[in-house]
Amino acid sequence: MCVLDLAAKEAEVARYLLAHPRAEEAGIGHPALGGCDEVAWSDIPGCPAEIPAVLRGLLHQEAAPEAARVLTNVLMDSVFSLGAAMPAALPFLLRLAADLRAPVRERRLDILLVAAELALPVDADDERAVRLFGGDDEHPERAQCRAVFAEHAELLATLPDELVGPDDRASLLRAAGMVPRSTREDD
């Protein structure tokens, strides 16, 4: 499993900022990002302090795809594990995705869909799932993310159908606790 430590995450953010020095200006003052500079990002384990600059880069037409990639890597601890900073970033990502005027919304939606799926509780009786994803007691960020999705559930309803298909909407609503998790016989 590829696991990015804080040094690797900081290096990735630094490379992004070097390659796109004006990208963060696109989001300065955007209402969806209100308060992101006040979050003590560097106090969150494994989180670079420059997260607000990358979040603002999501609003820059040319830099947004790279900002989304960097942000996804920084907010994840591994392929199957949300990072401790994901719950703090989710409100901003949800508000950005719901903003109809914001460019390249689909990039932000990808991050939200990954967070929604990985935020779901892991069945403690499913040994395979516990080996892959870890137990819920080891990953408090799952419950924290579900709480953020639930708190911002009204934003999920504003996402247009052309952006969010039925399966993706159901995934987001499951993370918010608004749709029960389906049980499939082939699992």
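A. Region of interest: the packing of aromatic side chains. Summed over all chains, the structure comprises 2 aromatic pairs. Relative to Phe92, the ring of Trp41 lies with its centre 6.3 Å away and its plane at 50°, an arrangement referred to as tilted. Separated by 51 residues along the polypeptide, Trp41 in the loop between α1 (6–19) and α2 (51–57) and Phe92 in helix α4 (residues 86–98) bring together distant segments of the chain. In this structure Trp41 comes out as buried when scored by relative accessible area, which is 2%. For the pair Phe80 and Phe133, a centre-to-centre distance of 5.3 Å together with 85° between the ring planes defines the contact as edge-to-face. Taken as a pair, Phe80 in the loop between β1 (76–78) and β2 (81–82) and Phe133 in helix α6 (residues 127–133) lie far apart in primary sequence, 53 residues in all. With relative accessibility at 26%, the residue Phe80 sits in the partly exposed group. According to the relative accessible area criterion, Phe133 is partly exposed, its value standing at 26%.

B. Just the pattern of salt bridges, in detail. Overall, the coordinates contain 8 salt bridges when judged by the stated rule. Between Glu24 and Arg56 there is a salt bridge, and its shortest N-O distance comes to 2.6 Å. Taken together, the residues Glu24 in the loop between α1 and α2 and Arg56 in helix α2 connect sequence positions 32 residues apart. Measuring nitrogen to oxygen at the nearest pair gives 2.7 Å for the salt bridge that ties Arg69 to Glu66. Taken as a pair, Arg69 and Glu66 lie in helix α3 (residues 64–75) at a separation of 3 residues, close to a single helical turn. Overall, the relative accessible area of 27% leaves Glu66 in the partly exposed class. In the salt-bridge network here, residues are joined through shared partners; they are Glu12, Glu66 and Arg69.

C. Molecular detail of the environment of Pro160. Along the chain, Pro160 falls in the loop between α8 (153–158) and α9 (166–175). For Pro160, a relative accessible area of 15% corresponds to the buried category.

D. Geometry of a negative patch on the surface. A surface patch of negative charge is lined by Asp123, Asp125, Asp126 and Glu127. With respect to the secondary-structure elements, Asp125 resides in the loop between α5 (105–119) and α6. Given a relative accessible area of 71%, Asp125 falls into the exposed group.

Criteria and thresholds
- Residues numbered from 1 in each chain as written.
- Predicted model: local features only at pLDDT ≥ 70, side-chain atom pairs only at ≥ 80, totals over all residues.
- Heavy atoms only, no water.
- Phe/Tyr/Trp six-rings, centres within 6.5 Å; stacked < 30°, edge-to-face > 60°.
- Helix = DSSP H or I, 4+ residues; strand = E, 2+ residues; numbered from the N terminus.
- Buried < 20%, exposed > 50% of the residue type's maximum accessible area, 1.4 Å probe, protein only.
- Salt bridge = Lys/Arg side-chain N within 4 Å of Asp/Glu carboxyl O.
- Patch = residues over 30% accessible without salt bridge, like charges linked within 9 Å, V, L, I, M, F, W, Y side chains within 5 Å.
- Areas by Shrake-Rupley, 256 points an atom, 1.4 Å probe, with all protein chains shown as cover.
- Lys, Arg positive; Asp, Glu negative; His and termini not counted.
- Charge placed at Lys NZ, Arg CZ, Asp CG, Glu CD.

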